[in-house]
Amino acid sequence: MNNLQKRILTSFIILPFSLFFILKGGYFLLFFLLTIFFIANYELFSVFKKISNILFLDLILIFALFSIFYLAEKSLWLLLWVIILVICSDVGGYVFGKIFKWKKLTNISPKKTVSGVLGSFLFALLSVFIIQFIIEILYPSSYSLKNNFLKPEFFFLAIVFSLVAQAGDLTISYFKRLEKIKDVGKILPGHGGIFDRIDGLIFVVIVTLVFYKLQFIPL
């Protein structure tokens, strides 16, 4: 089984598993987030040597996990959209990067290309239609103008959040480069460790919470 097949198989397992705890909320979600926190910390202290790097990444992780818990309680649809968006952004970057082999984006992450960046933006826009489809088809009773994602603001936010996700990915790659490691862990076959899998999401959920509290998001 090659690395791509491992990534796909692992994603099909961890995504429904993660969504179960997010949808259950409450103590179920709290237990899930604490589990992620302890596993991620084990990874950090196992592979990182500089305490300053560990503290920075740990602080980002804590803010991100708090943001997930808060959004799950206050605006579940928004959180689900953000998760879908980050997945779409990752897939778009991977697909376009493989098909259109344009010039490299940065030395921090040699696999990142300009075409991958464009693919991430395009696929992130698709997430708006995906979350709207879920609301209207699977949960029609929850559909209302309040839960309407097909507003210009959400397409703009999709671009912003995709940019944040890609910047977050590069940030984690930068810290791994400083430590001269490829992956933070090996718990997720094809992906690496916890930080390797949620590198973009942790930054996006923090920005989402800030935007939500500042009422920049029309929900």
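Residues numbered from 1 in each chain as written. Predicted model: local features only at pLDDT ≥ 70, side-chain atom pairs only at ≥ 80, totals over all residues. Heavy atoms only, no water.

**Quick word on the pattern of salt bridges**
A complete count under the given rule lists three salt bridges for this structure. The salt bridge partner of Arg197 is Asp90, with a shortest N-O separation of 2.8 Å. On the criterion of sequence distance, the pair formed by Arg197 in helix H7 (residues 194-213) and Asp90 in helix H4 (residues 76-99) is long-range, its members being 107 residues apart. Asp90 gets classed as partly exposed once you look at its relative accessible area, which sits at 31%. Among the ionic pairs, Lys112 bridges to Asp169, the shortest N-O distance being 2.4 Å. On the criterion of sequence distance, the pair formed by Lys112 in the loop between H4 and helix H5 (114-138) and Asp169 in helix H6 (residues 152-179) is long-range, its members being 57 residues apart. (Salt bridge = Lys/Arg side-chain N within 4 Å of Asp/Glu carboxyl O. Helix = DSSP H or I, 4+ residues; strand = E, 2+ residues; numbered from the N terminus. Buried < 20%, exposed > 50% of the residue type's maximum accessible area, 1.4 Å probe, protein only.)

**Some thoughts on a nonpolar patch on the surface**
Side chains of Tyr27, Leu30, Leu34 and Phe38 sit close together on the surface and give an oily, nonpolar patch of about 480 Å² of accessible area. Along the chain, the position of Leu30 falls in helix H2 (residues 26-47). (Patch = residues over 30% accessible without salt bridge, like charges linked within 9 Å, V, L, I, M, F, W, Y side chains within 5 Å. Areas by Shrake-Rupley, 256 points an atom, 1.4 Å probe, with all protein chains shown as cover.)

**Thoughts on the packing of aromatic side chains**
Applying the stated criterion across every chain, the model contains 19 aromatic pairs. The interplanar angle of 70° and the centroid separation of 5.4 Å between the aromatic rings of Phe37 and Phe38 together place this pair among those described as edge-to-face. Members of the aromatic cluster, joined through ring pairs, are Trp81, Phe149, Phe154, Phe161, Phe211 and Phe216. The positively charged end of Lys24 is found above the aromatic ring belonging to Phe28, 4.8 Å away from the centroid. (Phe/Tyr/Trp six-rings, centres within 6.5 Å; stacked < 30°, edge-to-face > 60°. Lys NZ or Arg CZ within 6 Å of the ring centre and 35° of its normal.)

**Examining H5**
Since there are 3.6 residues in each turn of an α-helix, residues three or four apart along the chain are aligned in direction. Between the first and last C-alpha of H5 there are 36 Å, a value that for 25 residues agrees with the 36 Å anticipated at 1.5 Å per step. Those residues of H5 that sit buried are Ser115, Gly116, Val117, Gly119, Ser120, Phe121, Ala124, Ser127, Val128, Ile131, Gln132 and Ile135. (Expected span 1.5 Å × (residues − 1).)

**So, the nonpolar core**
With 56 residues, the main nonpolar core has Trp81, Val82, Phe195 and Ile202 as its most contacted residues. Those elements giving two or more residues to this core turn out to be helix H1 (3-24), H2, helix H3 (51-74), H4, H5, H6 and H7. Of the residues forming this core, the biggest block, 11 residues, is contributed by H4. Discounting residues that sit within four places of it in the chain, Val82 has contacts with Phe161, Leu201, Val204, Val205 and Thr208. (Core = buried A, V, L, I, M, F, W, Y, C linked by side-chain atoms within 4.5 Å. Contact = heavy atoms within 4.5 Å.)

**Observations concerning the packing of H3 against H6**
When two helices pack together, you describe them by how their axes are tilted relative to each other and by the distance separating the axes. At a closest axis distance of 11 Å, the pairing of H3 and H6 adopts a crossing angle of 160°. With respect to each other, H3 and H6 are oriented roughly antiparallel. Crossing hand, H3 versus H6: left-handed. Where H3 approaches H6, its residues Asn53, Phe56 and Leu57 are matched on the opposing element by Thr171, Ile172, Phe175, Leu178 and Glu179. Looking at side-chain class alone, the contact of H3 with H6 contains five nonpolar, two polar and one charged residues. (Axes fitted to C-alpha atoms, helices over the stretch in contact; angles between N-to-C directions. Parallel < 35°, antiparallel > 145°, perpendicular 65-115°, else oblique. Left-handed = near helix turned anticlockwise from the far one by under 90°. Nonpolar A, V, L, I, M, F, W, Y, C, P; charged D, E, K, R; others polar.)

**So, the packing of H4 against H7**
Contact geometry of H4 with H7 gives a least axis separation of 10 Å together with a crossing angle of 140°. Comparing the axis directions of H4 and H7 gives the class oblique. The hand of the H4/H7 crossing is right-handed. In contact with Leu78, Leu79, Val82, Ile83, Val86 and Asp90 of H4, H7 contributes Arg197, Leu201, Val204, Val205, Thr208 and Tyr212. Its residues assigned to classes, the contact of H4 with H7 shows nine nonpolar, one polar and two charged.

Just distances and angles here, no functional claims.
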